[in-house]
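Below, each chain spelled out in residue letters.
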Amino acid sequence: MFIQSRWRKILIWGMAITAVLVGYIGFIFLTTELPEPDEMGGFNIAESTKLYDREGKVMFYEIYKEEKRTLIPAEDIPNVVREATISIEDSSFYYHGAFDVRGIVRALFTNMITGRVSQGGSTITQQLARNIFLSPEKTITRKLREIILATKLENSFSKDAILDMYLNQVPYGPNIYGVESASQAYFGKSTKELSINEAATLAALPQAPSYYSPWGSHRDGLKDRKNSVLKKMYELGYLDSQEYDQVDKGLPEIMPRSNTGIQAPHFAMIVQEYLEEKYGEEALRTGGLKITTTLNWEMQNVAETAVEEGVRRNKELYAGYNGALLALDPKTGQILAMVGSRDYFAESEPEGCEEGVSCAFEGNFNVTTQALRQPGSALKPFAYLTAFQSGLTPDTVVWDVPTEFSTVCPPNCYNPKNFDLIFRGPVTLKQGLSQSINVPSVKTLYLAGLSNTIKTAESFGITTLNDPERLGLSLVLGGGEVRMIELLTAYATLANDGVKNKPVSILKIEDARGKVLEEYKESGERVVDPQYPRIINQILSDVGLRSGLFTASLPLTQVPGYQVALKTGTTNDYVDAWSIGYTPNLVAGVWAGNNNRSALGARGSSLLAAIPMWHSFMSKAQPLLPAESFPAPEPILSDNPIFSGQLIKDEFHSILYYLGRAEDPQYQNWEAGIRTWLSVNGESAIRIPFVSKDPSGDDGPVSSDKLKINFISPQNGDEVDAEFLLIADIFSPEKLKRVKVYLNGVLAVSKSGDLDESLRLEENIQIEGSSLQNKLAIEAVDDEGNSEKEEIIIYR
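Every value quoted in this text rests on a predicted model; they were computed, and no experiment measured them. (Residues numbered from 1 in each chain as written. Predicted model: local features only at pLDDT ≥ 70, side-chain atom pairs only at ≥ 80, totals over all residues. Heavy atoms only, no water.)

Some details on the side chain of Glu89
Note that Glu89 resides in helix α2 (residues 79–89). On the accessibility criterion, Glu89 (16% relative accessible area) is buried. For Glu89, the contacting residues outside a window of four places in its chain are Ser122, Ile124, Gln127, Tyr166, Ala203, Pro206, Gln207 and Arg225. (Helix = DSSP H or I, 4+ residues; strand = E, 2+ residues; numbered from the N terminus. Buried < 20%, exposed > 50% of the residue type's maximum accessible area, 1.4 Å probe, protein only. Contact = heavy atoms within 4.5 Å.)

As structure tokens, then:
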């Protein structure tokens, strides 16, 4: 009795649930109206997606703002267009009803196997119903309406009519609807004039029109999908073997994109691609999304002007057709400005070139994110940082002399030259980095270790240096390839005291109702002890140190009132020119060159081709932000003269000798280079102070031939408190007579009388007033009347 009652309850509940479901489906069916055929063209009411700057004030791109749609009659749609579309979208179109059960099962099975949604089960009829009548929301109700509408379409129209409606309605790209609009936009011809290759290209687009856009950055993906269309057409019998073999497997010629109101186009495209990948084409087209991006609109305008004017100059002087600029906030990784080429909408140059092969300029190719280019010396800071981690100091002395780095020469030799073909003899590591001297930099890389340096670069965000054996010691001279956005991320990590932030382009995404779908959150990662980026920042921001490299162009490396660190890079044969400069709150990088890797003429180095462009941007963009100073590193003191910027008299050896590495494979070559240089130039050419060993074994300072002042702490560009401790070493060939310290031109300390040949100056200095930038100077005079003066800039 109990069992019968239980089954009766189950039966009653089952009937009730079935009744509700039937009633629900019936309600949906009755309330889902199918318009008349002549109403099909205007039924898709879409609310466009809008992109705003970081302030939410400037709308610089409205995706799907103006739908370009040209309806054409069935007789103007050639069979090759129909066949190409059916082959890739719904090969059983003529053999199933409104929906394809086998197709749905096959798609579910494939997606389960791959672990991702790689196939869809919607028929052409379902896609037509969805594109014309429904919103992009993914709900059971919408899916039921889609199936019901598809069924009504199948009952009301022939298969041919449905296919033609689909071809007149389906999106082929942002704002491009219908096959005729697509044919005109991409090929400059009507649909009935399309070739097999062109028809297959169009058929490849509807699955993801933004991603596969012929004007976008996934042209290789479009080519692969287009060839998949051709293969399916052959397998289904739409093409015979001769036709299939004769069709060009490359992309057909694409018309240049016209400027349709989009601003900051390279940046807009990377945002759009992200949105399409995460939210889908339908959401972009009809969801009314509001995107607040990271773009600083004022900086973007400055960047575009700087690149346009800079490339115009480079084109005339150095045959440089292209340039790119990227600016980041190092504290957040947010992209503030992006210019991926001289002009996104301009036609490729020279006329008749093959894109991706022979074009010196391609407008819609985004150099900042897509290109793999050699960075030249721009990788040097990461080798030096790795060397400092190993225990070397900025004042460590290495010899800039002709050096053979190969231990199997001949036949395999490697003896790099400096950019000016001059060898300077002994220099400090900080001179080697700030003046971008090649031989000391290669030695620094060797001392730091190639694999260690690559690990450092990877931890800072550079992912493309994955072939150490090919790169070798040429890494610091530009032997590898990098993406600009990753290189800028690495420099942003230096600027941010060793904390890395991934590049970000979006601050907030809201739907049409104002609901926040996504919002920026801080996610910085410390990748190195702050002492080491602080050393690099101190060196690269020292105007006095880099003056030996820039000379006449030195003013272009500075922004008055701001502490700016700077590094340049020029590759072999002047193919790539770089300039990357930064402050604690802004990192900006410039690339100048040609897409086809043809060389810049007339020795178009970074100093000539990139620095002016960088300065044009930085001098206007940096004043939009508050002035900040880099934190100073802890002072590094050493009892070993070689690590303190000094040489030992009559004991000239390479750094390997003082590191106890006399058995190192490089030892003999490095020593030979020193002997050769000294035999030609002599000791008089040395510009490093000497120390000598007295009989007691203690080192005592002697001068090579001049008075020398060495700031220990603070150093140029350091930030200090209102009261700080000044530490400096002064060396002289004679006894010192007088030493004075000036702060902003006012005497702060004075010492005179019977002073020794060397003096360690340690004095407390007080900054009066509220000046941010202050000039600290030391003046020394010896008994023979020789004088020397050194100045640095410090920030409070």
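Details of helix α7 (residues 179–187)
In terms of burial, α7 is largely enclosed, as 7 of its 9 residues are buried. Listed as buried for α7 are Val179, Glu180, Ser181, Ala182, Ser183, Tyr186 and Phe187. Just past α7, the residue Gly188 takes up positive phi, approximately 65 degrees.

Some thoughts on the environment of Gly363
Along the chain, Gly363 turns up in the loop between β8 (335–339) and α14 (380–389). Judged by its relative accessible area of 2%, Gly363 falls in the buried class.

Brief notes about the environment of Val397
Mapping Val397 onto the fold places it in strand β9 (residues 397–400). On a C-alpha basis, the gap between Val397 and Gln646 in space is 7.0 Å, while along the polypeptide they are 249 residues apart. What Val397 contacts, discounting residues up to four positions off in sequence, is Pro426, Val427, Thr428, Ile642, Gly645, Gln646, Leu647, Ile655 and Ile688.

Structural notes on the pattern of salt bridges
Once the charged atoms of two side chains with opposite charge are near each other, the side chains can pair. Taken as a whole and judged by the stated rule, the model has 25 salt bridges. Note that Asp576 and Arg373 form a salt bridge whose closest N and O atoms lie 2.6 Å from each other. A residue pair is termed long-range when its members are at least 10 positions apart, and Asp576 in strand β16 (residues 576–583) and Arg373 in the loop between β8 and α14 qualify at 203 residues. With respect to burial, Asp576 and Arg373 carry one shared label: buried. (Salt bridge = Lys/Arg side-chain N within 4 Å of Asp/Glu carboxyl O.)

Re the environment of Leu747
In this fold, Leu747 is placed in strand β24 (residues 746–752). In sequence terms Leu747 and Ala777 are 30 residues apart; their C-alpha atoms lie 9.4 Å from each other. Ignoring anything within four residues of it in the chain, the contact list for Leu747 reads Lys740, Val741 and Tyr742.

Digging into the state of the cysteines
If you walk through the whole model with that rule in mind, you get 2 disulfides. Disulfide pairing is shown between Cys353 and Cys359; the S-S distance is 1.9 Å. Taking the torsion about the S-S bond as the criterion, the Cys353 to Cys359 disulfide, at about 95 degrees, is right-handed. Comparing Cys353 with Cys359, the two get one shared label, buried. Residue pairing for Cys409: its cysteine sulfur links by disulfide to Cys413, the two sulfurs lying 1.8 Å apart. Taking the sign of the S-S torsion, 85 degrees for the link of Cys409 and Cys413, the bridge is right-handed. For Cys409, a relative accessible area of 31% translates into the label partly exposed. Look at the protein chain and number its bonded cysteines as they come in the sequence; the links are 1-2, 3-4. (Disulfide = S-S within 2.5 Å.)

With respect to the pairing of β8
Along a regular strand, successive side chains alternate from one face of the sheet to the other. β8 sits mainly inside the fold: 5 of its 5 residues count as buried. Note that strand β7 (residues 322–328) and β8 share 4 bridges and pair antiparallel. Within β8, the position partnered with Leu326 by the bridge is Met338. What sits between β7 and β8 in their antiparallel hairpin is a turn of 6 residues, with Gly333 showing a positive phi close to 80 degrees. (Pairing = 2+ DSSP bridges.)

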